[in-house]
Amino acid sequence: MSFFGFGQSADIEIQLDGADTRKMAEMKIEDGKKERYFLYYDGESVSGKVNISLKKPGSRLEHQGVKIEFVGQIELYYDRGNHHEFTSLVKELARPGELTHNTSFEFEFNQVEKPYESYSGTNVRLRYFLRVTIVRRLSDITREMDLLVHTLSSYPEMNNSIKMEVGIEDCLHIEFEYNKSKYHLKDVIVGKIYFLLVRIKIKHMEIAIIKKETTGSGPNTFNENETIAKYEIMDGAPVRGESIPIRVFLAGYDLTPTMRDINKKFSVRYYLNLVLVDEEERRYFKQQEITLWRKGERVRRPLQQQLMAQQQSLQQISVNNQQSKFPQSHPQGQHPEVAPPMPSTGAEPPSPQQSQSPMHEEVPEEIPANPSPQPHVRQQHSSATPQQTEPELEPTEDDLTTPKLPSPPTEPPNSIDSPEEEFLEAQAGSPSEEEDVEEEQEPVKPSSGISQEPVPVAQ
């Protein structure tokens, strides 16, 4: 409420460009709650619009200038009066004058350097924010908007494993090993603990992730330890030669990258703490420092777009398979038997699994009424069966008009029923179509070495 010209007579609103599509992230504030802020990275431009609206329409607002600042600062809770700014950029939006109506100003901080990651800890806070100020003679009108900054790192080239042997002389000797010493925030810690000597009664063993925050320097140094996670990895007394596996997932915890001597004000380090507790509640522990870093996240498409892309690729593959298996026309100079056309039976084409099967039952196709001589001869030779159990009968008039396929081969007969017919088939081979016509007109003449007397057939 404005009283005798004091107080705020205008409202300030900050709108960022691309706010609808920009990613947001959470960060803890002083009271332990989490707030969501717009996420930025190092070297990324910050731009938008500042809207100033007067509370009373038709009134006038005298000012000594309007400016916007991009500030990065470190706040130490034990020294709240002093804020240490490591980044400060200023843009003048308006010169001194009067505001008689609602006004908007555009701003842009091009490729802003953001050297450190946003952090909110127990004794220190590192924050980035935009601050708009309407300078007045008595009291300024200000508005702040916090931003969240993440610092991405590349994969470390040298990432050696951690292997160390510790223990108590003549009482306990253990060897622990972790697969590497540097982990990203979504990584998995894999290791094992090997017992070389056990002469004390151990009740259980646990592993914990500890964050150590160090602020200040000299006599004003403050250390704060916070247990992020704790796991019990063994329950009961181990024996010599026993190996305990370790697997800790980091994705489920609120972690930040390791920070060392940030602007000479504070540091954040992480440790793996291995604790053994004996039956007398004595605790033996060993700490090993690990390095955490933030890995760039992969940009993933929405699930609906992924499903549509998969369906399109599957349809394209099926169309290509059908075109390669069943071409509509034959190339010039190629025999039609190489790629036979599909019979128009109305059935669906076989699936790729059926076509690739090495064993399947073949269905005989109908022979055309007037086939070409060469394909017919090949079919006769391919289907010739020298071993048959029944004698060959004379063709009738119906058989002459409708040719029949030979019967499928069966096992050789045990009894000799018709030796003449079998011998004649073996000698004659597979006659062509012209020879079949001659057989209809003239009887077959057997060879001279075989008697012409008929042999009775067993009924």
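Residues numbered from 1 in each chain as written. Predicted model: local features only at pLDDT ≥ 70, side-chain atom pairs only at ≥ 80, totals over all residues. Heavy atoms only, no water.

1. Some thoughts on the sheet that holds strand β19 (residues 243-249)
So, point 1. Read from one edge to the other, the open sheet built from four strands follows the order β13-β14-β16-β19, with strand pairing classed as antiparallel. In this open sheet, the two strands that pair with only one neighbour each are β13 (162-168) and β19. Strand-to-strand twist in this sheet, taken as the mean axis angle between neighbours without regard to direction, amounts to 20 degrees.
So, point 2. By the bridge criterion, seven bridges tie strand β16 (residues 188-198) to β19 in an arrangement that is antiparallel. Following the sheet pairing, Ile-189 is matched in β19 by Val-248. (Pairing = 2+ DSSP bridges. Helix = DSSP H or I, 4+ residues; strand = E, 2+ residues; numbered from the N terminus. Axes fitted to C-alpha atoms, helices over the stretch in contact; angles between N-to-C directions.)

2. Considering the packing of aromatic side chains
So, point 1. Going through the model one piece at a time under the given rule, you end up with eight aromatic pairs.
So, point 2. The interplanar angle of 40 degrees and the centroid separation of 4.9 Å between the aromatic rings of Tyr-78 and Phe-222 together place this pair among those described as tilted. With Tyr-78 in the loop between β6 (66-76) and β7 (83-94) and Phe-222 in strand β18 (residues 222-235), the pair connects residues that are 144 residues apart, well separated along the chain.
So, point 3. A relative accessible area of 38% places Tyr-78 in the partly exposed class.
So, point 4. On the numbers, 5.1 Å between centres and 70 degrees between planes, the contact of Phe-86 with Tyr-116 is edge-to-face. Of the two residues, Phe-86 sits in strand β7 while Tyr-116 sits in the loop between β9 (103-109) and β10 (119-120), which places them 30 residues apart along the sequence. (Phe/Tyr/Trp six-rings, centres within 6.5 Å; stacked < 30°, edge-to-face > 60°. Buried < 20%, exposed > 50% of the residue type's maximum accessible area, 1.4 Å probe, protein only.)

3. Some remarks on the pairing of strand β22 (residues 283-293)
So, point 1. Sheet topology note: the strand β15 (residues 182-184)/β22 ladder contains three bridges and is parallel. Its bridge partner being in β22, Tyr-183 is matched across the sheet by Leu-292.
So, point 2. Pairing of strand β21 (residues 266-278) with β22 involves eight bridges; the strand directions are antiparallel. Its bridge partner lying in β22, Leu-276 is registered against Tyr-284.
So, point 3. Counted between consecutive antiparallel strands, the loop separating β21 from β22 contains four residues, among which Glu-281 sits at a positive phi close to 60 degrees.

4. Description of the sheet that holds β9
Whenever strands of a sheet pair, they do so through backbone hydrogen bonds, lying parallel or antiparallel.
So, point 1. Ordered in space as β1-β4-β9, the three strands form an open sheet in which the pairing is antiparallel. This sheet does not close on itself; its edge strands, each paired only once, are β1 (10-16) and β9. Averaged over neighbouring strand pairs, the angle between their axes works out to 20 degrees when direction is ignored.
So, point 2. For β1 and strand β4 (residues 46-54), the ladder comprises seven bridges, and the chain directions are antiparallel. When the bridges of β4 are listed, Gln-15 appears paired with Lys-49.

5. Section: the nonpolar core
So, point 1. If you look at the biggest cluster of nonpolar residues, it comprises 69 residues, and the most contacted ones within it are Leu-16, Val-46, Phe-107, Leu-130, Tyr-178, Phe-195 and Phe-266.
So, point 2. Ignoring sequence-local partners within four residues, the contact set of Phe-266 consists of Ile-74, Tyr-119, Val-124, Leu-126, Thr-214, Thr-215, Met-259, Arg-260 and Asp-261.
So, point 3. Grouped together as the second largest cluster of nonpolar side chains are five residues, Ala-25, Met-27, Leu-39 and Leu-148 included. (Core = buried A, V, L, I, M, F, W, Y, C linked by side-chain atoms within 4.5 Å. Contact = heavy atoms within 4.5 Å.)

6. Focus: unusual backbone geometry
So, point 1. Phi is positive for Gln-111, close to 50 degrees, though the residue is something other than glycine.
So, point 2. Positive phi, close to 60 degrees, is recorded for Glu-281, a residue that is not glycine.

7. A few points about the pairing of β13
So, point 1. Note that β13 and strand β14 (residues 172-178) share seven bridges and pair antiparallel. Its bridge partner lying in β14, Val-166 is registered against Ile-174.
So, point 2. Taken together, β13 and the strand that follows it, β14, pair antiparallel across an intervening segment of three residues, in which Asp-170 is found at a positive phi of about 60 degrees.

8. Description of the pattern of salt bridges
So, point 1. Within the structure shown, the criterion is met by 19 salt bridges.
So, point 2. The residue Arg-127 makes a salt bridge to Glu-144 at a minimum N-O spacing of 3.4 Å. Remark: Glu-144 occurs in strand β12 (residues 141-150) and Arg-127 occurs in strand β11 (residues 124-134); sequence separation between them is 17 residues.
So, point 3. Exposure remark for Arg-127: the relative accessible area of 8% places this residue in the buried category. (Salt bridge = Lys/Arg side-chain N within 4 Å of Asp/Glu carboxyl O.)

9. Remarks on the environment of Leu-93
So, point 1. Among the secondary structure elements, Leu-93 is positioned in strand β7.
So, point 2. Judged by its relative accessible area of 15%, Leu-93 is buried.
So, point 3. Linking Leu-93 and Val-66, residues 27 residues apart in sequence, is a C-alpha distance of 5.3 Å.
So, point 4. In this view, Leu-93 contacts Val-50, Val-66, Lys-67, Ile-68, Phe-105, Glu-106 and Phe-107; residues no more than four positions away in its chain are not counted.

10. Examining the confidence of the model for the protein chain
So, point 1. Confidence in the prediction for the protein chain averages 75 pLDDT; 67% of positions are at 70 or higher.
So, point 2. Counting interchain partners and residues more than four positions distant, the pLDDT-below-50 stretch residues 1-5 has three contacts.
So, point 3. Considering only residues more than four positions removed or in separate chains, one finds that residues 410-452, a stretch of pLDDT under 50, has 33 contacts. (pLDDT = per-residue confidence, 0-100.)

11. Focus: the side chain of Asp-146
So, point 1. Mapping Asp-146 onto the fold places it in strand β12.
So, point 2. A polar contact of 2.9 Å, which involves the side chain of Asp-146, links it to the side chain of Arg-127. (Polar contact = N/O pair within 3.5 Å; in protein donor to acceptor, adjacent residues only side chain to side chain.)

12. Topic: the environment of Asp-261
So, point 1. Here Asp-261 is to be found in strand β20 (residues 259-262).
So, point 2. The exposure class assigned to Asp-261 is partly exposed, which follows from its relative accessible area of 45%.
So, point 3. If near-sequence neighbours (up to four positions away) are discounted, Asp-261 is found in contact with Phe-266 and Ser-267.

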